[in-house]
There are 2 protein chains.
Amino acid sequence: MPKLDLDSIEQTNRTSYPAPFAAATAGRHLRRLAPAAGLTDFGVSHVVLEPGGMSSQRHWHEGEDEFIVLIEGEAILVQDEGETVMRAGDCAAFPKGVPNGHHLINRSARPCIFLAVGKPAQSGCHYSDIDLHFDAPGGKFTRKDGSFY
Amino acid sequence: MPKLDLDSIEQTNRTSYPAPFAAATAGRHLRRLAPAAGLTDFGVSHVVLEPGGMSSQRHWHEGEDEFIVLIEGEAILVQDEGETVMRAGDCAAFPKGVPNGHHLINRSARPCIFLAVGKPAQSGCHYSDIDLHFDAPGGKFTRKDGSFY
């Protein structure tokens, strides 16, 4: 049936961030819905953020649009301009190439759930707050000077 | 700010369905979030369905994936196999080319809200229950024999 049985889809808190940046997303539990459902036009991540959790390091993509919708609970959207509270039903969009790093953090006392829609990274990803850069295609993390961790 | 002010985005219950199929979606109030937010990689529709409303005529796409998530309230997902209740946080996916027509109807006593993610139609759309077909590119509705309404 097209309705997804979320419990049957693997949930992971793995990250490909190098140390010391990997620990920040330990409270992020992610399911990749598109491959589980046979979709290829776009990706959909179902994410549970524990209290204190972070969706990702704050970043922006050169070549991929992103869209998020809060499903349950409350999260803080952090961008260059500051912070915005996101609650169930709130949506945010991050057009490709706009150099405004963003991420969600959960400062509430209970888990929150959101969906993120995007496409696989085919372009550079810039990290606003830390000495990290992602090159794509090629798929490697480096320092901003290009050296490897 | 990337958080979307939904109230500032035009909401419409227009449809391009020909009579007599247009009346069925009168209770569907839709906002196209992607163009409002500057996204081009995929589309996101924010839909409020009134009690008795229908998301669309039951259909499937030859060449475009679709994904929906219920945000608020309750809707019935109808497919060839039958009916499934969808509640806040429930997700469903419709891979391109799978000939299983789907739509949502609201049989509850209050409005429901869902998001639908997809891409602009570039391929045929098949309607399961009615004598309607959509040809794309070209963008025209016909009867299943190819004749126009």
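Definitions and cut-offs
- Residues numbered from 1 in each chain as written.
- Chains lettered and ligands numbered in written order.
- Predicted model: local features only at pLDDT ≥ 70, side-chain atom pairs only at ≥ 80, totals over all residues.
- Least-squares fit on C-alpha atoms with pLDDT ≥ 70 in both.
- Contact = placed C-beta atoms within 7 Å.
- Core = buried A, V, L, I, M, F, W, Y, C linked by C-beta atoms within 7 Å.
- Buried ≥ 20, exposed ≤ 12 C-beta atoms within 10 Å, placed from the backbone.
- Pairing = 2+ DSSP bridges.
- Helix = DSSP H or I, 4+ residues; strand = E, 2+ residues; numbered from the N terminus.
- Axes fitted to C-alpha atoms, helices over the stretch in contact; angles between N-to-C directions.

Draft legend 1. Region of the structure containing the relation of the copies chain A and chain B. Superposing chain A onto chain B takes a rotation of 180 degrees combined with a translation of 0.0 Å along the rotation axis, leaving an RMSD of 0.0 Å. Both copies of the chain, as the preceding transformation shows, are related through a two-fold rotation axis. If distances are taken from each C-alpha of chain A to the rotation axis, the shortest is found for Ile71(A), at 3.1 Å. Interface overlap between copies is the fraction of interface residues in one copy that are interface residues in the other; for chain A against chain B it reaches 100%, indicating a shared surface.

Draft legend 2. Examining the nonpolar core more closely. Val69(A), Ala75(A), Ala93(A), Phe114(A), Val69(B), Ala75(B) and Phe114(B) are the most contacted members of the largest nonpolar core, which totals 61 residues. Apart from residues lying up to four places away in sequence, Val69(B) is in contact with Val69(A), Ile71(A), Leu115(A), Cys91(B), Phe114(B) and Leu115(B).

Draft legend 3. Seen up close, the sheet that holds strand 1 (residues 28–32) of chain A. Residues and elements named next belong to chain A. Read across the sheet, 5 strands follow the order 1-2-9-4-7 without closing on themselves; strand pairing throughout is antiparallel. The outermost strands of the open sheet, each flanked by one partner alone, are strand 1 and strand 7 (91–94). Averaged over all pairs of adjacent strands, the angle between strand axes in this sheet comes to 20 degrees, irrespective of strand direction. The pairing of strand 4 (residues 66–72) with strand 9 (residues 112–118) spans 5 bridges and is classified as antiparallel. What sits directly across from Ile68, in strand 9, is Ala116.

Draft legend 4. Local environment of the interface of chain A and chain B. The interface is formed by 36 residues belonging to chain A together with 36 residues belonging to chain B. When residues of the side of chain A that touches chain B are traced back to their parent elements, those giving at least two are helix 1 (33–37), strand 4, strand 5 (74–79), strand 6 (82–87), strand 7 and strand 9 of chain A.

Draft legend 5. Expanded view of the environment of Arg110(B). All names here are of chain B. Within the secondary structure, Arg110 is located in the loop between strand 8 (103–105) and strand 9 (112–118). Owing to 10 C-beta atoms within 10 Å, Arg110 belongs among the exposed residues under this scheme. Apart from the residues lying within four places of it in its own chain, the contact partners of Arg110 are Pro51 and Gly73.

Draft legend 6. Representation of the sheet that holds strand 10 (residues 125–127) of chain A. All names here are of chain A. Reading across from one edge, 3-10-11-12 is the order of the 4 strands in this open sheet, with antiparallel pairing throughout. The open sheet has two edge strands, strand 3 (59–61) and strand 12 (140–142), and neither has a second partner. Adjacent strand axes in the sheet meet at a mean angle of 20 degrees, parallel and antiparallel pairs treated alike. The pairing of strand 11 (residues 133–135) with strand 12 spans 3 bridges and is antiparallel. For His133, the partnering residue across the bridge sits in strand 12 and is Thr142.

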